[in-house]
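A look at the structure
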Amino acid sequence: MRLPEVLRNKDFDLYWAGVILSQIGTRGAVAANLFQVYVLTGSTAQVGLVGLAQVVALVVLSPLGGVVADRMDRRRLLQWTQGIALVVSAALAAVTIAGIATAWMVVVSALLATAAATFDQPARQALIPALVPKDRLVDAFALLNPSRELAVLVGPALAGVFIAAWGAGSVYVFDAVTYAALVGTLMMIRTPPLIPDKPHAGVWESLREGTAYVVRRPLIWQLMALDLSATIFGAYRVLLPALTLDVLHAGATGYGLMSAAPSAGALLGSALVFKLVRSRRSGVIALVSTAIYGLVIVGFVHMTSFGPALVLAALLGVADALATTVRHAAVQVETPDGLRGRVSAIYQMASRGGPALGDTVIGAAASALGPVAALTIGGLVPVAASLVSWVAGPTVRNYSLTDPDADEEPDEDRAAAA
């Protein structure tokens, strides 16, 4: 079987492998953060503080991270951010293994790790066009989403095993090792220097340029809104420790499996979208999958048996991957390279800030209403958002990744925004 052309690029292969390993460590650490805070406090509201810390860092620093990604060597920037995250994980590992970790220490570590990631993520996205030809960008981004889901699949599962065997500290040690591995990988790849189309403007002017481009592209901000409807109001992960331990009585290993099940489904979803996107409207896939995601959440939270809950968790992953792959690829394909760091940073505020804010919102709602009521109401929001977008106009509904110019906005608007 012949490998896709994008996978026959040595530099891309090295980068792809390093990113997968780093993401496995990161996802495992996030799962351990949530579990550790719940064990320390017994409060879903305090578990939600982990998400609040993440969203604060994302909202405050993401725009600046995009500006930096469009100005400096993206490979070197990634090495610095991975190094900072390594130090944070190592410090949390030390206090956890020593038995002196408190909930606020875990929350602060989540804040610092996310702060580093706000510079890391735009650079990761913006580096791809330097590694692969333009006509392979869609393939590259389509591979990155399954890679992320593979990390979310393996990371939490490993976290559950590590926590059960050696405690949460071992997860943070592993996380630090994966950061070191990516730093080493980045030293081996070759990328051309970033050459700006024009002299750099001031920071605020650069931020304005990126924001103006998003505003002028209805497709991008509507996809962001769709993303937020699912990630904020369908933030089921913050309730997984409580549901797995107190309702399903599955223990730490069960928590790891339940955390990983959506990613197992997401791998299938990513494979499906790779085929469907070439024969169907990509926008239709995004809208229908987002609606299905909300409906499955409603069913999932009503489960009282581990097996059926695990199946629905996997279906969540299928729907999420179908929608997310289209959204992420569309944003990158529709954005010029000189703006890609800033637009990626703005989109990151939705794609990563949404789940973080959702952890806080749903955690607090579950404390007040109970997890079933909170996620039943929340799951209906992405269903409604998808219906509104479908009825409102063709911007998302008619969009196609294989024919990006099929949406309603003329090319001259895109050129003017650049």
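Every chain begins its residue count from 1, and numbering advances along the sequence as written. Totals for whole chains, interfaces and linings use every residue, but because this is a predicted model, local features are given only for residues with pLDDT of at least 70 and side-chain atom pairs only at 80 or more, for both listing and counting. The side-chain figures draw on all heavy atoms in the structure; neither hydrogens nor water molecules are used.

Glancing now at the overall build of the protein chain. Scanning the protein chain from terminus to terminus reveals 17 helices and zero strands. Burial statistics for the protein chain: of 418 residues in total, 55% are counted as buried. Contacts were defined at the residue level, with two residues in contact if any of their heavy atoms lie within 4.5 Å. Considering only intrachain contacts with a sequence separation of at least 6, the fraction spanning at least 24 residues in the protein chain is 85%. The method behind every accessible area is Shrake-Rupley, applied with a 1.4 Å probe, and residues are considered shielded solely by the protein chains displayed. Summed over all atoms, the accessible surface of the protein chain reaches about 16700 Å², with 69% contributed by carbon and sulfur. Elements are defined by DSSP. Helices are runs of H or I of four residues or more, strands are runs of E of two residues or more, and each kind is numbered from the N terminus. Buried, partly exposed and exposed residues are distinguished by accessible area as a fraction of the type maximum, computed with a 1.4 Å probe on protein chains only: under 20%, between the cut-offs, and over 50%, respectively.

With that settled, consider a nonpolar patch on the surface. A contiguous nonpolar patch, built from Leu49, Leu52, Val56, Val59, Val60 and Leu111 and spanning about 450 Å² of accessible area, is present on the exposed surface. Mapped onto the elements, Leu52 comes out in helix α2 (residues 44-69). Classification of Leu52 by relative accessible area gives partly exposed; the value is 34%. A patch is a set of surface residues, each over 30% in relative accessible area and not in a salt bridge, joined within 9 Å for like charges and within 5 Å for the nonpolar side chains Val, Leu, Ile, Met, Phe, Trp and Tyr. One side-chain nitrogen of Lys or Arg within 4 Å of one carboxyl oxygen of Asp or Glu is enough to make a salt bridge.

Looking at the element boundaries, Val326 is found in helix α12 (residues 306-333). Once the C-alpha coordinates of Val326 and Tyr399 are considered, the two residues, 73 residues apart in sequence, prove to be 9.9 Å apart. In this structure Val326 touches Val273, Ser282, Ile285, Ala286 and Leu401, once residues within four positions along its chain are discounted.

Expected helix span is computed as 1.5 Å times (number of residues minus one). End to end, helix α15 (residues 371-392) covers 32 Å across 22 residues, agreeing with the expected 32 Å (1.5 Å per residue, within 8%). For α15, the full list of buried residues reads Ala374, Leu375, Gly378, Gly379, Pro382, Val383, Ser386 and Ser389. Projected down its long axis, α15 shows its buried positions confined to an angular sector of 165°, all on one face. Residues Ile377, Leu387, Val388, Val391 and Ala392 are exposed on α15 and point more than 90 degrees away from its buried face. Where α15 is buried, its residues meet α8 (218-233), α11 (282-301), α14 (353-369) and α16 (394-397). In this description, one arc is meant: the one made by directions from the helix axis to the C-beta atoms.

A pair of aromatic rings is counted whenever rings of Phe, Tyr or Trp (Trp by its six-membered ring) have centres within 6.5 Å, and the orientation is called stacked for planes under 30 degrees apart, edge-to-face for over 60 and tilted otherwise. Overall, the coordinates contain four aromatic pairs when judged by the stated rule. With 5.8 Å between their ring centres and 75° between their planes, Phe162 and Phe174 make a pair best called edge-to-face. One end of the pair, Phe162, is in helix α5 (residues 137-166); the other, Phe174, is in helix α6 (residues 168-188), and twelve residues separate them in sequence. Joined through ring pairs, the aromatic side chains of Phe162, Trp166 and Phe174 make up one cluster.

With that settled, consider helix α1 (residues 10-41). Over its 32 residues, α1 runs 47 Å from end to end, which matches the ideal 46 Å to within 8%, given 1.5 Å per residue. At the exit of α1 stands Gly42, carrying a positive phi of roughly 70°.

A few words now on the packing of helix α3 (residues 74-97) against α6. Each packed pair of helices is defined by two parameters, the angle between the axes and the distance between the axes. Between the N-to-C directions of two axes lies an angle of 0 to 180 degrees, each axis being a line fitted to C-alpha atoms and, for a helix, fitted only over the stretch in contact. Close contact between α3 and α6 brings their axes to 8 Å; oriented N to C, the two are set at 160°. By the criterion of interaxial angle, the relationship of α3 to α6 is roughly antiparallel. Read as a crossing pair, α3 and α6 show a hand that is left-handed. For classification purposes, angles smaller than 35 degrees are called roughly parallel, those larger than 145 roughly antiparallel, those between 65 and 115 roughly perpendicular, and all remaining angles oblique. By definition, turning the near helix anticlockwise from the far helix through less than a right angle yields a left-handed crossing, and turning it clockwise yields a right-handed one.

Let's shift gears to the side chain of Thr290. If you trace the backbone, Thr290 turns up in helix α11. In this view, Thr290 contacts Leu226, Ser229, Ala230, Ala323, Arg327, Pro382 and Ser386; residues no more than four positions away in its chain are not counted.

On to the packing of α8 against α14, then. Where α8 contacts α14, the axes come no closer than 7 Å and their chain directions differ by 40°. Relative to α14, the element α8 lies oblique. For the pair α8 and α14, the crossing hand works out as right-handed. Taken together, the residues of α14 that come into contact with α8 (itself represented by Leu228, Thr231, Ile232 and Phe233) are Gly354, Pro355, Leu357, Gly358, Val361 and Ile362. By the convention adopted, Pro, Cys, Tyr, Trp, Phe, Met, Ile, Leu, Val and Ala count as nonpolar, Lys, Arg, Asp and Glu as charged, and the other residues, Gly among them, as polar. A per-class count over the contact of α8 with α14 returns seven nonpolar, three polar and no charged.

A word on the confidence of the model for the protein chain. Every residue carries a pLDDT, the predictor's confidence in it, which falls somewhere between 0 and 100. The predicted model of the protein chain has a mean per-residue pLDDT of 80, with 83% of residues at 70 or higher. When mean pLDDT is compared element by element in the protein chain, α15 scores highest at 91, while helix α17 (residues 411-417) scores lowest at 42. Contacts for the low-pLDDT stretch residues 408-418, under 50 throughout, to residues beyond four places or in other chains number 20 contacts.

With a phi angle near 50°, His249 is a residue other than glycine that sits in the positive phi range. Mapped onto the elements of the fold, His249 is located in the loop between α9 (240-247) and α10 (251-276). A relative accessible area of 62% places His249 in the exposed class.

Turning our eyes to something else, we now look at the environment of Ile84. Tracing the chain through its elements places Ile84 in helix α3. For Ile84, a relative accessible area of 45% gives the class partly exposed. Counting along the chain gives 28 residues from Ile84 to Leu112, while the straight-line C-alpha distance between them is 8.6 Å.

Mapped onto the secondary structure, Ala225 falls in helix α8. Taking relative accessible area as the criterion, Ala225 reaches 42% and is therefore assigned partly exposed. When the C-alpha atoms of Ala225 and Pro382 are compared, they prove to be 9.7 Å apart, with 157 residues separating the residues in sequence.

Below, the discussion takes up the side chain of Thr114. Of note, Thr114 is situated in helix α4 (residues 103-131). Among residues more than four places away in sequence, those in contact with Thr114 are Gln54, Ala57, Leu58 and Arg352.

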